[in-house]
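The primary structure of each chain is shown beneath.
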Amino acid sequence: MSTVESDTTLEADARAAVTIGRSANELRALWLRPDVQTLIWAHFADVSAVDGRTAEWVTHGPAGGEYRWRTAMEEAGPDEIRWSTLDGADVANTGALAFRPAPGDRGTEVHLDVRFDPPGGGVGQAVSKLFHIVPREIVLKALYRFRALALTGEIPTTDPQPAARHGGIDR
């Protein structure tokens, strides 16, 4: 059983939580795998591991803009993982992932908090709104994808759905 909840505090802050029927140790190990970050954030950015703690992010924004940054991950204790962008980031951001026991011995509550600082300050936030780039939705989808991966070993998708017909083409 799993639930998802969210709360947006400031315009560029996003929070979400999900309950996953797995232990905190299993979920922590899964999150820290370099290949998992690529899968979790694929809806938002292309993420590639540089090393065990650093990742390169590339995302495409309004008007065909390409934004790049690197993040460094740090373990803030057994129940929390944090990351932040390194100098020179096009989109500065910080994040924290916390693991807490779920009530009723139902697994682990995973809390994800992310702060995005869009380029251009207030103008960047206005452009983000105009093009419907919503940090809360990015965070919710990342947690949804992480939960699916943790529970089933894969992330559901509709791309492509060939339906076993001549390369997916109905005739």
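Here the structure is a predicted model, which means the values were calculated and not measured. The numbers attached to residues start from 1 for each chain and follow its sequence in the written order. Where local features are concerned, this predicted model is filtered to residues with pLDDT of at least 70; where side-chain atom pairs are given and counted, the filter is 80 or more; whole-chain, interface and lining totals use all residues. The side-chain numbers reported here are obtained from all heavy atoms of the structure, hydrogens and water having been left aside.

A.B. asks: Help me understand the overall build of the protein in this model?
C.D. replies: From N to C terminus, the protein includes four helices and eight strands. Counting from the amino terminus, helix and strand elements in the protein follow one another as β-β-α-α-β-β-β-β-β-β-α-α. Within the protein, counting contacts between residues at least 6 apart in sequence, those at least 24 apart form 46% of the total. Entry remark: accessible area of the protein is about 9700 Å², with carbon and sulfur atoms responsible for 52%. Helix and strand assignments come from DSSP, with helices taken as H or I runs of at least 4 residues and strands as E runs of at least 2, each series counted from the N terminus. In what follows, residue pairs with any heavy atoms lying within 4.5 Å of each other are defined as contacts. Method for areas: the Shrake-Rupley scheme with a 1.4 Å probe, in which residue coverage is limited to the protein chains shown.

A.B. asks: Please explain the confidence of the model for the protein as it appears in this structure.
C.D. replies: Detailed reading of the predicted coordinates is not advisable wherever pLDDT falls low. Residues of the protein with pLDDT of at least 70 account for 74%, and the chain-wide mean is 81. Within the model, the stretch residues 1–12 combines pLDDT values under 50 with 35 contacts to residues more than four positions away or in other chains. Confidence scores here are pLDDT values: one per residue, from the predictor, ranging 0 to 100.

A.B. asks: How should I be thinking about unusual backbone geometry in this particular structure?
C.D. replies: Residues apart from glycine generally show negative phi values, whereas peptide bonds are mostly found in trans. For Asp105, which is not a glycine, the phi torsion comes out positive at approximately 55°. Relative to the elements of secondary structure, Asp105 occurs in the loop between strand S7 (92–101) and strand S8 (108–117). Assessed through its relative accessible area of 76%, Asp105 is described here as exposed. Summary of the burial criterion: residues with accessible area below 20% of their type's maximum are buried, those above 50% are exposed, and those between are partly exposed, where the area comes from a 1.4 Å probe applied to protein chains only.

A.B. asks: Is there a simple way to think about the environment of Gly77 in this case?
C.D. replies: Looking at where Gly77 falls in the secondary structure, it is placed in the loop between strand S5 (66–75) and strand S6 (80–85). Accessibility expressed as a relative area gives 26% for Gly77, which makes it partly exposed.

A.B. asks: Can you walk me through the packing of aromatic side chains in this structure?
C.D. replies: Note on aromatic pairs: the rings of Phe, Tyr and Trp (six-membered ring only in Trp) are paired at centre separations within 6.5 Å, and the planes decide the class, stacked below 30 degrees, edge-to-face beyond 60, tilted for the rest. Inspection of every chain in the model, using the stated rule, returns five aromatic pairs. Aromatic side chains Trp31 and Phe146 sit 5.1 Å apart centroid to centroid with 80° between the ring planes, which places their arrangement in the edge-to-face category. A residue pair is termed long-range when its members are at least 10 positions apart, and Trp31 in helix H1 (residues 24–32) and Phe146 in helix H4 (residues 135–152) qualify at 115 residues. Judged by relative accessible area, which is 0%, Phe146 ranks as buried.

A.B. asks: Help me understand H1 in this model?
C.D. replies: An α-helix turns once per 3.6 residues; consequently, residues spaced three or four apart project the same way. Residues Leu27, Arg28, Leu30 and Trp31 constitute the buried set of H1. On an axial view of H1, the arc spanned by its buried residues comes to 165°, and they lie on one face. Working definition: the arc comes from the directions between the helix axis and the C-beta atoms, pointing outward to the latter.

A.B. asks: What is the right way to read H4 from this model?
C.D. replies: Helix span is expected to be 1.5 Å times the residue number reduced by one. When the terminal C-alpha atoms of H4 are compared, their 26 Å separation across 18 residues agrees well with the 26 Å that a helix rising 1.5 Å per residue should span. Along H4, the positions that sit buried rather than exposed are Pro135, Ile138, Val139, Leu140, Ala142, Leu143, Arg145, Phe146, Arg147, Ala148, Leu149 and Ala150. Following H4 by one or two positions, Gly153 has its phi on the positive side, about 85°.

A.B. asks: So what exactly am I meant to see when it comes to the side chain of Asp13 here?
C.D. replies: Structurally, Asp13 is set in strand S2 (residues 13–20). Relative accessible area serves as the criterion here: at 14%, Asp13 is assigned to the buried category. In this structure the side chain of Asp13 is engaged in a polar contact, spanning 3.1 Å, whose partner is the side chain of Arg115. The definition of a polar contact used here is a pair of N or O atoms within 3.5 Å, where within protein one atom must be able to donate a hydrogen and the other to accept one, and adjacent residues in sequence count solely through side-chain atom pairs.

A.B. asks: Just to check I follow, could you spell out the pattern of salt bridges for this structure?
C.D. replies: Opposite charge on two side chains allows them to pair when their charged atoms are near. One speaks of a salt bridge when a side-chain nitrogen belonging to Lys or Arg is within 4 Å of a carboxyl oxygen belonging to Asp or Glu. Per the counting criterion, the structure on display carries eight salt bridges. For Asp13, the salt bridge is made with Arg115, and the minimal N-O distance between the two is 3.1 Å. Separated by 102 residues along the polypeptide, Asp13 in strand S2 and Arg115 in strand S8 bring together distant segments of the chain. One salt bridge in this structure joins Asp113 and Arg15, with 3.0 Å as the shortest N-O distance. Here the residue Asp113 occupies a position in strand S8, and Arg15 occupies one in strand S2, the gap between them amounting to 98 residues. By relative accessible area, Asp113 is classed as partly exposed at 30%. For Arg15, a relative accessible area of 40% puts it in the partly exposed group. What emerges from the salt-bridge pattern is a single network uniting Glu56, Glu66, Arg68 and Arg70.

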